[in-house]
Amino acid sequence: MRTFSKSGKLDNVCYDIRGPVMDEADRMAAEGTKILKLNIGNPAPFDFDAPDEIIKAMTDNLRNAQGYSTSKGVVEARNAILNYHRSKGLSVESINDIYTGNGVSELIVMVMQGLLDNGDEVLVPAPDYPLWTAAVTLAGGNAVHYICDEQSDWYPDIADMEKKITDKTKAIVIINPNNPTGAVYSKDVLEDIVKLARKHELIIFSDEIYDRLLMDGAEHTSIASLAPDLFCITFNGVSKSHMSAGFRAGWMVLSGDKSKAEGYIEGLNMLSSMRLCSNVQAQYIIPAALSGTGAPDEALKKGGRIYEQRECIYNLLNDIDGITAVKPKAAFYIFPKIDAKKFGITDDEQFVLDFLKEKKILLVHGGGFHWEQPDHFRIVYLPAVEDLKYSMGELKDFLSRYRQDRC
């Protein structure tokens, strides 16, 4: 996986799930090959439309969005964000602690740029959403990956996390609900993470973009609500929960004790001002999104589209000899395990590339999410049930003949 470091040299940091597999997919598509894409969490290509309330809020405010907003965002949007996160138990003082962004992605980069000096360390989950690792690295820091345990519903391994804290560690990143596993962390696990952060005086960065895409009665607890005495930054947005990825409406919220972070916050304010402001037109959809209207609740219940597609992919994967998967409780990803020994797999990226070439179906290998063993891959189950059945039938056929060590 490839991106550029500050020196301009290529590093092995995965920044946007690119590399040989995506290069080949692009080449095949350019030649007219139709590829079934199970690789990216973009709802629009799979006939998921933004709710009417979102479209109306955006179009009604076109005239209001003609000029720049303040660097942190329009008051209406930040008030809605403030009320939403206070309702989840966060100790947020005012809208001055809220920054809107062009999606969450630019804010993740911003917080690392403002925090890290060369050699500083940040604990990042493995598997992770790879932008976190890239943002740490591009800011001059070192991403230290702690293990999430597949045998424990993909919860963070607290002992592994503590073992990797050093005097250079500045922060802990959690992704909850998790991409790529679909896990939703229990309150007990979150409290254990808070204890570590408190003991070692660490910032908590919590990526909660999927907190409104829950299934099976799962409940989401925002970790900052358990740590009013700690400095936390919580990230969220409407790209996933309201099928509005292209509108780029995200935000971050500062909460807890800011007394030791004054210089850092000053830096965040400067970085926020340097990019002028986030997409003003998209900011106006945030109040509608957080009012509770237009959320995809029905799609997440039994009989709903996301729920039934989750059930379908989970059952189909576990029906393939050599594949096992933990059932996700949120989002629209699943991170199955493949028996690497059975199929002679030593390079998971090569496995995904071989599958793409033969079956014209695009997956993402586990290494793209900083999973060290060549025995996982991620599937996005946004496509219709018929497409999921077809793709898993093709995977089953492919694996019936595949041995990487004989290719």
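Residues numbered from 1 in each chain as written. Predicted model: local features only at pLDDT ≥ 70, side-chain atom pairs only at ≥ 80, totals over all residues. Heavy atoms only, no water.

*Asks:* Please provide a residue-by-residue account of unusual backbone geometry, values included.
*Replies:* In the segment running from alanine 126 into proline 127, the intervening peptide bond is cis, with an omega of 5°. You can see proline 127 is positioned in the loop between strand E5 (121-126) and helix H5 (131-138). Residue proline 177 is reached from asparagine 176 by a cis peptide bond, and omega for that bond is -5°. One can find proline 177 in the loop between strand E8 (169-175) and helix H7 (187-200). Of note, the phi angle at glutamate 201 is positive, near 55°, even though the residue is not glycine. (Helix = DSSP H or I, 4+ residues; strand = E, 2+ residues; numbered from the N terminus.)

*Asks:* Please give an account of the packing of helix H4 (residues 105-115) against H5 that cites residues and values.
*Replies:* Taken N-terminus to C-terminus, the directions of H4 and H5 make an angle of 35°; their axes are 8 Å apart at the nearest point. Remark: the crossing between H4 and H5 carries right-handed chirality. Contacts from Ser105, Ile108, Val109 and Met112 of H4 reach H5 at Leu131, Trp132, Ala135 and Val136. Within the contact of H4 with H5, the residues separate by chemical class into seven nonpolar, one polar and no charged. (Axes fitted to C-alpha atoms, helices over the stretch in contact; angles between N-to-C directions. Left-handed = near helix turned anticlockwise from the far one by under 90°. Contact = heavy atoms within 4.5 Å. Nonpolar A, V, L, I, M, F, W, Y, C, P; charged D, E, K, R; others polar.)

*Asks:* Explain helix H13 (residues 385-399) to me, using residue names and the numbers behind them.
*Replies:* Its 15 residues place the ends of H13 21 Å apart at the C-alpha level, agreeing with the 21 Å of an ideal helix rising 1.5 Å per residue. Of the residues making up H13, those classed as buried are Leu388, Ser391, Met392, Glu394, Leu395, Phe398 and Leu399. One side of H13 holds all its buried residues, which, seen down the axis, span an arc of 155°. Exposed positions of H13 whose direction lies more than 90 degrees from the buried face are Glu386 and Lys389. (Expected span 1.5 Å × (residues − 1). Buried < 20%, exposed > 50% of the residue type's maximum accessible area, 1.4 Å probe, protein only. Arc of directions from axis to C-beta.)

*Asks:* Could you give me a rundown of the sheet that holds strand E9 (residues 203-207), with the residues and numbers involved?
*Replies:* Across the sheet, which stays open at both edges, the eight strands sit in the order E4-E11-E10-E9-E8-E5-E6-E7 with mixed pairing between neighbours. The sheet terminates laterally at strand E4 (98-101) and strand E7 (155-156), the two strands that pair on one side only. In terms of strand pairing, E9 meets strand E10 (residues 232-237) through four bridges, oriented parallel. Considered in E10, the bridge of serine 206 is made with threonine 234. In the packing of helix H8 (residues 262-274) onto the sheet, the strands contacted are E4, E9, E10 and strand E11 (250-255), and the crossing angle to E4 comes to about 35°. (Pairing = 2+ DSSP bridges.)

*Asks:* I'd love a proper account of the packing of helix H11 (residues 305-318) against H13, names of residues and values included.
*Replies:* Axis angle and axis distance: for two packed helices, these are the angle between their axes and the distance between the axes, and together they describe the pair. As a packed pair, H11 and H13 sit with axes 10 Å apart at the nearest point and diverge in direction by 15°. Between H11 and H13, the crossing angle belongs to the class labelled roughly parallel. The handedness of the crossing between H11 and H13 is right-handed. Residues Glu308, Gln309, Cys312, Ile313, Leu316 and Leu317 of H11 pack against Val385, Leu388, Lys389, Met392 and Leu395 of H13. (Parallel < 35°, antiparallel > 145°, perpendicular 65-115°, else oblique.)

Note that every value here comes from positions in space, so none of it alone points to a role or purpose.
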